[in-house]
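Structural features, examined
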Amino acid sequence: MLTKFETKSNRVKGICFHPKRTWLLASLHSGTIQLWDFRMGTLVERFEGHDGPVRGVDFHSSQPLFCSGGDDYKIKVWNYQMHRCIFTLLGHLDYIRTVQFHPELPWIVSASDDQTIRVWNWQSRNCISVLTGHSHYVMCASFHPTDDMIVSASLDQTVRVWDISVLRQKSMSTHPDDLATDVLSSDIFGNSDAVVKYVLEGHDRGVNWASFHPTLPLVVSGADDKQIKLWRMNDTKAWEVDTMRGHLSNVSCVMFHPTQDLIVSNSEDKAIRVWDMNKRIPSQTFRRESDRFWVLAIHPTARLIAAGHDSGLVVFKLARERPAYCTLKGLLYYFHVSINYLHIFL
């Protein structure tokens, strides 16, 4: 583990890399949202506005926006160029655990302790769908990177995969205000434009996190049973592939590495574990002395990982990318996979 940046703060519950800049958002249990430049090691700005802990944050992929969700039941959308919150989305009836922008559409998905997942159109500022079915707190929800699906994890011990293709079709042909009206009727009659595609059952305790693989039909989940489970999907069914054991306490967060065959997890046992996705065995473990880990973020392109813990956050790389080297009398010596190499400069 090569630490690139570290902060000291209140407990970090939400974390997100900017897709292009060397920025990192951290939402704190104290209610503050911090914007860091992890390359320069500087705090760019603080954002205040939530009453109570802020558990989820996410940057928009192309607009100067980020969203946040907190224990005040509010989703706030912020413009970091204007240095302020530009509007608030209301509708959840309990703590909001995670928020995420859709990669293409003007949507936000949110997960809440009110046992629902909501999809919002942030341009029209309306809730366009309420996903019901979980019977306990929904700890996280996220869009699939390319397909019309949402994955959610709940303390009811299940992971659910939702089909939102009808919602997309409807949003393309319906005025956003009409969609908001449909949400009211779906609340009353139980109809929804998002339907459960799979219910993944296998964990023995509440599930804290579930993530899609960026390209393969896989889901990974982590739970209070200290286990990480790998699931595979096809057009008609989903099933458990394997279980990874090694954490000594609740698994807080788990996700696939975007470019390597790795799974990264962290836990209240004060450890981050890196797993070989093919062998399903741990390949690296990093521990802190006294801080429980709560959340992870993996940069889509820069091979950086961020982890939030009880007293701040850490940004690190899994391995050194630049080999150890030296030059002597016009010769370059460097190490590569335990073999000495010699290059001669002409």
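Below you will find a few notes about this structure. From a predicted model like this one, the values you see are computed outputs, not experimental measurements.

Re the overall build of the chain
Assigned secondary structure in the chain consists of 2 helices and 31 strands. Expressed as a percentage of contacts within the chain between residues at least 6 apart in sequence, the contacts between residues at least 24 apart total 45%.

Comments concerning the sheet that holds strand S9 (residues 84–90)
Reading across from one edge, S6-S7-S8-S9 is the order of the 4 strands in this open sheet, with antiparallel pairing throughout. Edge positions in the sheet fall to strand S6 (54–59) and S9, since each has one partner strand and no second. Looking at each pair of strands side by side, their axes are set apart by 20° on average, direction ignored. As judged from the 6 bridges shared by strand S8 (residues 74–79) and S9, these two strands associate in the antiparallel manner. Its bridge partner lying in S9, lysine 76 is registered against threonine 88.

Details of the pairing of strand S15 (residues 149–154)
Most of S15 is tucked away: 6 of the 6 residues are buried. Note that strand S14 (residues 138–143) and S15 share 5 bridges and pair antiparallel. Within the sheet, the bridge partner assigned to phenylalanine 143 lies in S15 and is isoleucine 150. The antiparallel pairing of S14 with S15 creates a hairpin that spans 5 residues between the two strands. Looking at chain direction, S15 and strand S16 (residues 158–163) are connected through 5 bridges and run antiparallel.

Considering the side chain of threonine 7
As for its placement among the helices and strands, threonine 7 is situated in strand S1 (residues 2–8). Threonine 7 has contacts with Trp36, Ser311, Gly312 and Leu313, leaving out every residue within four places of it along the chain.

Some thoughts on the sheet that holds S1
As a general point, the strands of a sheet are linked pairwise by backbone hydrogen bonds and lie either parallel or antiparallel. Taken together, the 4 strands give an open sheet; going across it, the order is S1-S28-S27-S26, and neighbouring strands pair in antiparallel fashion. Looking along the sheet, the strands with just one partner apiece sit at the ends: S1 and strand S26 (293–298). Taking the axes of each pair of neighbouring strands and ignoring which way they run, one obtains an average angle of 15° across the sheet. Where S26 lies against strand S27 (residues 305–309), 5 bridges are found, and the strand directions are antiparallel. When the sheet's bridge partners are listed, leucine 296 is paired in S27 with alanine 307.

A closer look at the environment of phenylalanine 256
Within the secondary structure, phenylalanine 256 is located in strand S22 (residues 251–256). C-alpha separation for the pair phenylalanine 256 and proline 214, spaced 42 residues apart in sequence, amounts to 7.7 Å. With near-sequence residues (within four places) excluded, phenylalanine 256 lies in contact with Ser211, Phe212, His213, Pro214, Leu218, Val219, Val220, Leu230, Leu262, Ile263, Met277 and Ile298.

Digging into the side chain of aspartate 291
Mapped onto the elements, aspartate 291 comes out in the loop between strand S25 (281–287) and S26. Within the structure, the side chain of aspartate 291 is placed 3.0 Å from the side chain of arginine 288, a separation counted as a polar contact. Among the polar contacts listed, one links the side chain of aspartate 291 to the side chain of serine 311, at a separation of 2.9 Å. Look past the residues within four positions of aspartate 291 in its chain and what remains in contact with it is Lys270, His309, Asp310 and Ser311.

Let's talk about the packing of aromatic side chains
Following the criterion strictly, the structure yields 11 aromatic pairs and no others. Considering the side-chain rings of phenylalanine 59 and phenylalanine 66, the 6.3 Å spacing of their centres and the 75° angle between planes classify their relative orientation as edge-to-face. The class of phenylalanine 59 is buried, set by a relative accessible area of 5%. Both rings, one in phenylalanine 101 and one in tryptophan 122, keep their centres 6.1 Å apart while their planes meet at 85°; by these two values the pair is edge-to-face. In this pair, phenylalanine 101 is assigned in strand S10 (residues 96–101) and tryptophan 122 in the loop between strand S12 (116–121) and strand S13 (126–132), connecting sequence segments 21 residues apart. Phenylalanine 101 gets classed as buried once you look at its relative accessible area, which sits at 5%. Through pairs of rings, three or more aromatic residues link up here, namely Trp23, Phe47, Phe59, Phe66, Trp78 and Tyr80. Positioned above the aromatic ring of tryptophan 294, the side-chain terminus of lysine 13 is 3.8 Å from the ring centre. The lysine or arginine in question, arginine 21, covers the ring of tryptophan 23, its NZ or CZ lying 4.4 Å from the ring centre.

What counts and what doesn't
Residues numbered from 1 in each chain as written. Predicted model: local features only at pLDDT ≥ 70, side-chain atom pairs only at ≥ 80, totals over all residues. Heavy atoms only, no water. Helix = DSSP H or I, 4+ residues; strand = E, 2+ residues; numbered from the N terminus. Contact = heavy atoms within 4.5 Å. Pairing = 2+ DSSP bridges. Axes fitted to C-alpha atoms, helices over the stretch in contact; angles between N-to-C directions. Buried < 20%, exposed > 50% of the residue type's maximum accessible area, 1.4 Å probe, protein only. Polar contact = N/O pair within 3.5 Å; in protein donor to acceptor, adjacent residues only side chain to side chain. Phe/Tyr/Trp six-rings, centres within 6.5 Å; stacked < 30°, edge-to-face > 60°. Lys NZ or Arg CZ within 6 Å of the ring centre and 35° of its normal.

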